[in-house]
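Here is what each chain is made of, one letter per residue.
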Amino acid sequence: MRERDTSEGVVGGAVDGMVEGEPQARDESAAPTAKRRASRKKAGAKPAKKKAKKKAKKAASKPLARAGLLAPVVEDEAWHEPPRTREEVGAWVLAHLGVRLAPGGPLEYVSHAFLAGVSEVDEAGDGRQAASPEVHAQAKQGSIDCVVWAHRGGGKTFLGAVATVLDLVFRPGIEVRILGGSMEQSKRMHACLRALLSPRADGTGPAGMVARVGEKSIVMRNGARVELLAQSEKSVRGTRVQRLRCDEVDLFKSEVWEAAQLVTRSKRCGRFIVRASVECLSTMHNVGGVMERVVEECQRGTRTLFRWGIVQSLEKCDEAHACTSEAGDCPLLPECGGSAKREEACGHVTIDDAISMKRRVALRTWKSEMLCDRPRREGLVLEEFDFGTHVVQGEPWAEGEASRRWVYGMDFGFRAPTVVLVGVVVARAEEHAGGGDVLYIVDEWVRERLVLGEHIRAISGGEHGGLGPWPRCEWIGVDPAGHATNDQTGKSAIAMLREAGLVVKTPRRSIEDGLNLLRARLLPADSGSAPRLFIHARCTHLLTSVQRYRYGEGSERHVALKDGNDHAVDALRYLVNGLERKGAGMRGY
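Note that the coordinates shown come from a computational prediction; the quantities given were computed from them, not determined experimentally.

### Description of the overall build of the chain
Here is step 1 of the chain: The number of helices and strands found in the chain is 20 helices and 21 strands.
Here is step 2 of the chain: Counting all 589 residues of the chain, 48% fall into the buried class.
Here is step 3 of the chain: With an accessible surface of roughly 29200 Å², the chain has 50% of that area assigned to carbon and sulfur atoms.

So this is what it looks like as structure tokens:
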């Protein structure tokens, strides 16, 4: 390995940024003409000096950016031959960065980020996989784009920096950008990069490959470069890079996240062809936030998900902590189950710290922030809804000999979608879990920019289908506002439904009273009573709306938001209002 002059100050100090043997920047400010002197005298010397300094800095950086294929400074095999398997990635990171990657999520993510989507070009120009077959197969099953959903303090930012170091060392000329939920978040990853690239006491590590470290960038001697981006559309849109690593995605503005999806570009980096990718690393704080939407994309196969909670980040548990003892069970036993006692446990969170954190917070915060169970549910309108409990498959409503009634609920719209829900009410025996009827929502019709006649034909089972074939409904519950006369047709929406032979119910009840009826069906106050409202898995629009429908903040904290998730819930509310004919708040039909 070639020795480097220690006066360069690779980390934490200014580096002149010039690769050994390259020409120095030409002095652009020498011998100004008389015209320039007059202009400078008029404008003042300070702007001219600033301009000259900017030109010199730009000229000095040009050699590093040239084609991205500068000769590597070191010839050691550790920097020439990259790891090609998951195990080799873990071994290289341990040997040269001093970091032990925990098996499972952390190791899986770093190896995927470095190996997936990369092919090697030999002298004949034929491409071959740079990764092992198992990593390549994993990437094909999911996507090169990946998502890291991990707990608070789970090492997401640090592991993103580890993956970035691998890219910088082994992909000459690669362009990496770090986009954080805030500039402070981006700077945290930059600090991790500086630490990983700093000289080690034993003389190992990739510090000798660093050419320049700036406040918001790091440039390697092989032309690879990483920079920080501010979270703004202007900053993102001017970018064309091979790797975009987005940290704390749940803090992103939706428009910035959308703009970020179009900034990547594949490129040949040395002897490797690197397919461009977008990575996002975050906890999941908010229902309906960017991170929740991204995780849903993973379920559709458009991104690869890596997920771990605090159990996977625990250190190896010593004999000072017993799973069970005369004093009682370990507070972490329900989550850990003794897994931290295994030899392979090598996380960075101490057992004592994990126990202390669990004792400080509410159970729902612990499940959301530390177990990555689900996003926090504060502010949800229908917090009682649970996907595992209230979502059904198959046709449970068809079982047994109980009577069945088919009823619909409808929310009118045009620019916003019109939503029609198909429900079947099944009478339940009085002796079973409190008795009463059970409502199953079995199908949905969600369309924008269609006139009411189109929806009526779909409801009636006409040429558009879409709702069936289901039995004709006994009645349909709609918004009482449908009594208003349309200026163009001279008829009300309810009148048109009745002309089509449909029985219409328009029970008048406040929004909150109607929501309370939904809550009572989802989670009855009597602990001995079973839920009385279920939704079939095919009703994806309704399921999304129920899980994201929330109250506003500040002065609007008691008002449900009209953010697009209200339409399907309104249709459900009108349907349930029609079922509950008796009770407070009912003023008639």
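### Some points on the packing of helix H7 (residues 156-170) against helix H8 (residues 183-196)
Here is step 1 of the chain: Taken N-terminus to C-terminus, the directions of H7 and H8 make an angle of 55°; their axes are 9 Å apart at the nearest point. With respect to H8, the axis of H7 lies oblique. Here the hand of the crossing between H7 and H8 comes out right-handed. Contact with H7, carried on its side by Thr157, Phe158, Gly160, Ala161, Val162, Thr164 and Val165, involves Gln185, Arg188, Met189, Cys192, Leu193 and Leu196 of H8 and no other residues of that element.
Here is step 2 of the chain: Classifying every residue of the contact of H7 with H8 by side-chain character gives 8 nonpolar, 4 polar and 1 charged.

### Some thoughts on the sheet that holds strand E4 (residues 175-180)
Whenever strands of a sheet pair, they do so through backbone hydrogen bonds, lying parallel or antiparallel.
Here is step 1 of the chain: Taken together, the 8 strands give an open sheet; going across it, the order is E5-E6-E7-E4-E8-E11-E3-E12, and neighbouring strands pair in mixed fashion. In this open sheet, the two edge strands, each paired with only one partner strand, are strand E5 (210-213) and strand E12 (304-308). Strand-to-strand twist in this sheet, taken as the mean axis angle between neighbours without regard to direction, amounts to 15°.
Here is step 2 of the chain: By the bridge criterion, 3 bridges tie strand E6 (residues 217-220) to strand E7 (residues 225-229) in an arrangement that is antiparallel.

### Thoughts on the environment of Trp470
Here is step 1 of the chain: Along the chain, the position of Trp470 falls in the loop between helix H16 (452-459) and strand E19 (475-478).
Here is step 2 of the chain: Classification of Trp470 by relative accessible area gives partly exposed; the value is 22%.
Here is step 3 of the chain: What Trp470 contacts, discounting residues up to four positions off in sequence, is Trp397, Trp406, Tyr408, Val422, Val442, Asp443 and Arg538.
Here is step 4 of the chain: A polar atom in the side chain of Trp470 sits 3.0 Å from the side chain of Asp443.

### Thoughts on the environment of Pro417
Here is step 1 of the chain: Tracing the backbone shows Pro417 in the loop between strand E16 (404-411) and strand E17 (418-428).
Here is step 2 of the chain: On the basis of relative accessible area, Pro417 is assigned to the buried category, the value being 12%.
Here is step 3 of the chain: C-alpha separation for the pair Pro417 and Leu450, spaced 33 residues apart in sequence, amounts to 8.7 Å.
Here is step 4 of the chain: Ignoring anything within four residues of it in the chain, the contact list for Pro417 reads Asp411, Val446, Arg447, Glu448 and His567.

### A closer look at the layout of surface pockets
Here is step 1 of the chain: By volume, the largest pocket amounts to about 660 Å³.
Here is step 2 of the chain: Taken together, the residues of the lining of the largest pocket break down into 11 nonpolar, 4 polar and 8 charged.
Here is step 3 of the chain: Of the pockets and cavities examined, the second largest pocket occupies roughly 480 Å³.
Here is step 4 of the chain: In terms of lining, the second largest pocket is formed by 22 residues, of which the most central are Phe412, Gly413, Leu452, Asn486 and Ala493.
Here is step 5 of the chain: Among the elements of the structure, H16 and helix H17 (493-499) are those that each provide at least two residues to the lining of the second largest pocket.
Here is step 6 of the chain: Counted by class, the lining of the second largest pocket contains 9 nonpolar, 10 polar and 3 charged residues.

### Focus on unusual backbone geometry
Here is step 1 of the chain: Residues other than glycine seldom take positive phi values, yet Glu248 does so here, at roughly 55°.
Here is step 2 of the chain: Relative to the helices and strands, Glu248 is located in the loop between strand E8 (243-247) and helix H10 (254-260).
Here is step 3 of the chain: If you check the backbone angles, Cys372 has positive phi at about 55° while not being a glycine.
Here is step 4 of the chain: Position of Cys372 relative to the elements: it lies in the loop between helix H14 (363-370) and helix H15 (387-390).
Here is step 5 of the chain: Look at Cys372 and you get buried, because its relative accessible area is 1%.

Conventions we followed
- Residues numbered from 1 in each chain as written.
- Predicted model: local features only at pLDDT ≥ 70, side-chain atom pairs only at ≥ 80, totals over all residues.
- Heavy atoms only, no water.
- Helix = DSSP H or I, 4+ residues; strand = E, 2+ residues; numbered from the N terminus.
- Buried < 20%, exposed > 50% of the residue type's maximum accessible area, 1.4 Å probe, protein only.
- Areas by Shrake-Rupley, 256 points an atom, 1.4 Å probe, with all protein chains shown as cover.
- Axes fitted to C-alpha atoms, helices over the stretch in contact; angles between N-to-C directions.
- Parallel < 35°, antiparallel > 145°, perpendicular 65-115°, else oblique.
- Left-handed = near helix turned anticlockwise from the far one by under 90°.
- Contact = heavy atoms within 4.5 Å.
- Nonpolar A, V, L, I, M, F, W, Y, C, P; charged D, E, K, R; others polar.
- Pairing = 2+ DSSP bridges.
- Polar contact = N/O pair within 3.5 Å; in protein donor to acceptor, adjacent residues only side chain to side chain.
- 1 Å grid on protein atoms, 1.4 Å probe; cavity = no way out; pocket = protein on both sides within 12 Å on 5 of 7 lines; lining within 4 Å.
- Points joined across faces, edges and corners; volume = space filled by probe spheres on them.

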